[in-house]
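Here's the letter readout for the chains.
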Amino acid sequence: MTASPALLPIPLRLLDDRYGPGNVDEAEDTLIEIVQAVMGVRATCSFDFDTRHANPWFHQLLLGPPADGHPATPAQLQAMAVRLAAIGLG
């Protein structure tokens, strides 16, 4: 799966560094908080994985931040990307 403009790719290696190898579930609360801080407390998000690349260095969690069925705007995605980078996930 290729990341679309409405998805935020987060390298799995960064999640492993911050939360421990294979502990992606531990990151969910933080990721949901970031989405809700930008899109409102009623916003939800989806999680998918892109592990097609042979080298695990390039594996990603794809964060999809829809709100009320509408994808995030480019400005909202940028705001979330800035927050992710601030905590070492971007």
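For the structure itself, look to the data block above.
Residues numbered from 1 in each chain as written. Predicted model: local features only at pLDDT ≥ 70, side-chain atom pairs only at ≥ 80, totals over all residues. Heavy atoms only, no water.

1. A few points about the sheet that holds strand E3 (residues 60-64)
Here comes step 1: Across the sheet, three strands lie side by side as E1-E3-E2; this open sheet has antiparallel pairing. Strands at the two margins of the open sheet, each flanked by one partner only, are strand E1 (8-11) and strand E2 (46-50). Strand-to-strand twist across the sheet, computed as the mean angle between neighbouring axes with direction ignored, equals 30°.
Here comes step 2: Sitting on the sheet, helix H1 (residues 12-19) is in contact with E1, E2 and E3, with an inclination near 55° to E1. (Pairing = 2+ DSSP bridges. Helix = DSSP H or I, 4+ residues; strand = E, 2+ residues; numbered from the N terminus. Axes fitted to C-alpha atoms, helices over the stretch in contact; angles between N-to-C directions. Contact = heavy atoms within 4.5 Å.)

2. Section: the nonpolar core
Here comes step 1: Counting 21 residues, the largest nonpolar core has Ile 10, Leu 15, Leu 31, Met 80 and Leu 89 as the members making the most contacts within it.
Here comes step 2: Within the residue set of this core, elements represented by two or more residues are E1, H1, helix H2 (24-39), E3 and helix H3 (74-86).
Here comes step 3: It is H2 that provides the largest number of residues to this core, a total of six residues.
Here comes step 4: The residues touching Leu 31, leaving out its near neighbours within four places in the chain, are Ile 10, Phe 47, Leu 61, Leu 63, Leu 84 and Leu 89. (Core = buried A, V, L, I, M, F, W, Y, C linked by side-chain atoms within 4.5 Å. Buried < 20%, exposed > 50% of the residue type's maximum accessible area, 1.4 Å probe, protein only.)

3. Comments concerning the packing of aromatic side chains
Here comes step 1: In this structure the tally under the stated criterion is zero aromatic pairs.
Here comes step 2: Between the NZ or CZ atom of Arg 13 and the centre of the ring of Trp 57, over which it lies, the distance is 3.8 Å. (Phe/Tyr/Trp six-rings, centres within 6.5 Å; stacked < 30°, edge-to-face > 60°. Lys NZ or Arg CZ within 6 Å of the ring centre and 35° of its normal.)

4. What about the side chain of Asp 50?
Here comes step 1: In this structure, Asp 50 sits in strand E2.
Here comes step 2: Residue classification places Asp 50 among the buried residues on the basis of a relative accessible area of 9%.
Here comes step 3: Engagement of the side chain of Asp 50 in a polar contact is seen with the backbone nitrogen of Arg 52, the distance being 3.3 Å. (Polar contact = N/O pair within 3.5 Å; in protein donor to acceptor, adjacent residues only side chain to side chain.)

5. Here's the deal with the pairing of E3
Here comes step 1: With five of five residues buried, E3 lies mostly within the body of the structure.
Here comes step 2: Of the two faces of E3, the one lined by Gln 60, Leu 62 and Gly 64 and the one lined by Leu 61 and Leu 63 are each fully buried.
Here comes step 3: Sheet topology note: the E1/E3 ladder contains four bridges and is antiparallel. Opposite Pro 9, over in E3, you have Leu 62 as the bridge partner.
Here comes step 4: Two strands pair when backbone bridges link them, and E2 and E3 are joined in this way by five bridges, in the antiparallel orientation. The residue bridging Phe 47 from the neighbouring strand is Leu 63, located in E3.

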